[in-house]
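Tertiary structure, described
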Amino acid sequence: MQALLGTRTAADLNLAAQVILLAGLVVGFWLARQKRFDQHANVQTAMVLLNLFFIASVMVTSFYAYVIAGGSTTGTVAQLMIAHGVLGLAIQGFALYLILRMRTKVIPQPFRIKNVKTAMRATLAAWTVLVLLGVGIYVERYLNERAVVSAPLAELRQLGADLYVHAVELDD
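**Focus on helix α3 (residues 76-103)**
- Here α3 contains 28 residues, and its C-alpha end-to-end distance of 40 Å stays within 8% of the 40 Å for a straight helix at 1.5 Å per residue.
- When α3 is considered as a whole, its buried residues turn out to be Val77, Ala78, Met81, His84, Gly88, Ile91, Gln92, Ala95, Tyr97, Leu98, Ile99 and Arg101.
- Against the buried residues of α3 lie α2 (37-68) and α4 (116-143).

Okay, here's the thing in structure tokens:
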């Protein structure tokens with residue numbers, strides 16, 4: 001197991017940033033409960049926009065390298081990354097929608113959801129689940145060390161064992 005700031009510095013920093021962003025969103029939630037709506041809006045907006053930076057600079061490149069360029073879609077990490085990516089983009093998009101809905105007049109009236117409080121809480125809950133999923137991906141990808149046996153090596157061992165059996169049979 002490597003140190004938190006080892007060779008995978010981008011992933012380490014992103015993990016720390018995501019935990020901090022989630023803490024910021026929880027602080028923003030608390031501000032709303034305290035009826036400090038201007039501060040709530042500023043904190044939530046900052047957290048959502050900051051997350052765009054991490055998505056673009058760390059998550060997309062990691063996804064591309066592991067899943068697309070790596071050609072891996074069947075392993076546990078790849079499947080978790082795909083689910084995290086799809087759900088994460090949906091939640092990030094909805095969070096951006098909420099910012100536009102609350103802070104601007106860009107969203108036409110027919111497309112403005114009415115019960116914003118429930119939508120915000122659901123977004124925070126989904127964001128929390130996504131951060132936990134991201135932690136799971138980090139643990140599975142970087143901390144769970146497993147012995148990997150490649151298929152050709154296993155086949156070579158089997159062929160060697162078969163060859164030995166046949167050699168013994170010929171001696172008899």
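**Brief notes about the environment of Ala17**
- Topologically, Ala17 is positioned in helix α1 (residues 9-33).
- Residue class for Ala17 comes out buried when judged on its relative accessible area of 11%.
- Ala17 sits 33 residues away from Leu50 along the chain, and the two C-alpha atoms are 9.4 Å apart.

**Section: the packing of α2 against α4**
- Following both chains from N to C, one finds α2 and α4 inclined at 35 degrees, their axes separated by 14 Å at the closest point. The hand of the α2/α4 crossing is left-handed. Touching His40, Val48, Asn51, Ser62 and Tyr66 of α2 are Met120, Trp127 and Arg141, all from α4.
- Split into classes, the residues belonging to the contact of α2 with α4 amount to four nonpolar, three polar and one charged.

**Comments concerning the packing of aromatic side chains**
- What the rule picks out here adds up to three aromatic pairs.
- Between the aromatic rings of Phe53 and Phe54, the centroid separation amounts to 5.1 Å while the plane-to-plane angle is 75 degrees, which identifies the pairing as edge-to-face.
- Ring plane angle 50 degrees and centroid distance 5.2 Å describe the contact between Tyr138 and Tyr142, whose orientation is recorded as tilted. One end of the pair, Tyr138, and the other, Tyr142, are both in helix α4, four residues apart, so they sit about a helical turn from each other.
- Among the residues examined, Tyr138 registers a relative accessible area of 7% and is labelled buried.
- The partly exposed category is assigned to Tyr142, whose relative accessible area is 23%.

**A few points about the packing of α1 against α4**
- Between α1 and α4, whose axes approach to 11 Å, the crossing angle comes to 160 degrees. Regarding the angle of α1 to α4, the classification is roughly antiparallel. In this structure, the crossing between α1 and α4 has a hand that is left-handed. Residue-level contacts link Ala11, Asp12, Leu15, Gln18, Leu22, Leu25, Phe29 and Arg33 of α1 to Arg121, Leu124, Trp127, Thr128, Val131, Val135, Tyr138 and Tyr142 of α4.

**Brief notes about a positive patch on the surface**
- A surface patch of positive charge is lined by Arg33, Lys35, Lys117 and Arg121.
- Residue placement: Lys35 occurs in the loop between α1 and α2.

**Examining the side chain of Arg101**
- Turning to its location among the elements, Arg101 is positioned in helix α3.
- Here Arg101 sits buried without a salt bridge, and the closest side chain of opposite charge, Asp38, lies 13 Å off (N-O distance).
- Within the structure, Arg101 has its side chain in polar contact with the backbone oxygen of Ile113 (distance 3.0 Å).

Basis of the calculations
- Residues numbered from 1 in each chain as written.
- Predicted model: local features only at pLDDT ≥ 70, side-chain atom pairs only at ≥ 80, totals over all residues.
- Heavy atoms only, no water.
- Helix = DSSP H or I, 4+ residues; strand = E, 2+ residues; numbered from the N terminus.
- Expected span 1.5 Å × (residues − 1).
- Buried < 20%, exposed > 50% of the residue type's maximum accessible area, 1.4 Å probe, protein only.
- Contact = heavy atoms within 4.5 Å.
- Axes fitted to C-alpha atoms, helices over the stretch in contact; angles between N-to-C directions.
- Left-handed = near helix turned anticlockwise from the far one by under 90°.
- Nonpolar A, V, L, I, M, F, W, Y, C, P; charged D, E, K, R; others polar.
- Phe/Tyr/Trp six-rings, centres within 6.5 Å; stacked < 30°, edge-to-face > 60°.
- Parallel < 35°, antiparallel > 145°, perpendicular 65-115°, else oblique.
- Patch = residues over 30% accessible without salt bridge, like charges linked within 9 Å, V, L, I, M, F, W, Y side chains within 5 Å.
- Areas by Shrake-Rupley, 256 points an atom, 1.4 Å probe, with all protein chains shown as cover.
- Salt bridge = Lys/Arg side-chain N within 4 Å of Asp/Glu carboxyl O.
- Lys, Arg positive; Asp, Glu negative; His and termini not counted.
- Charge placed at Lys NZ, Arg CZ, Asp CG, Glu CD.
- Polar contact = N/O pair within 3.5 Å; in protein donor to acceptor, adjacent residues only side chain to side chain.

Treat this as a map of the structure, not an account of what it does.
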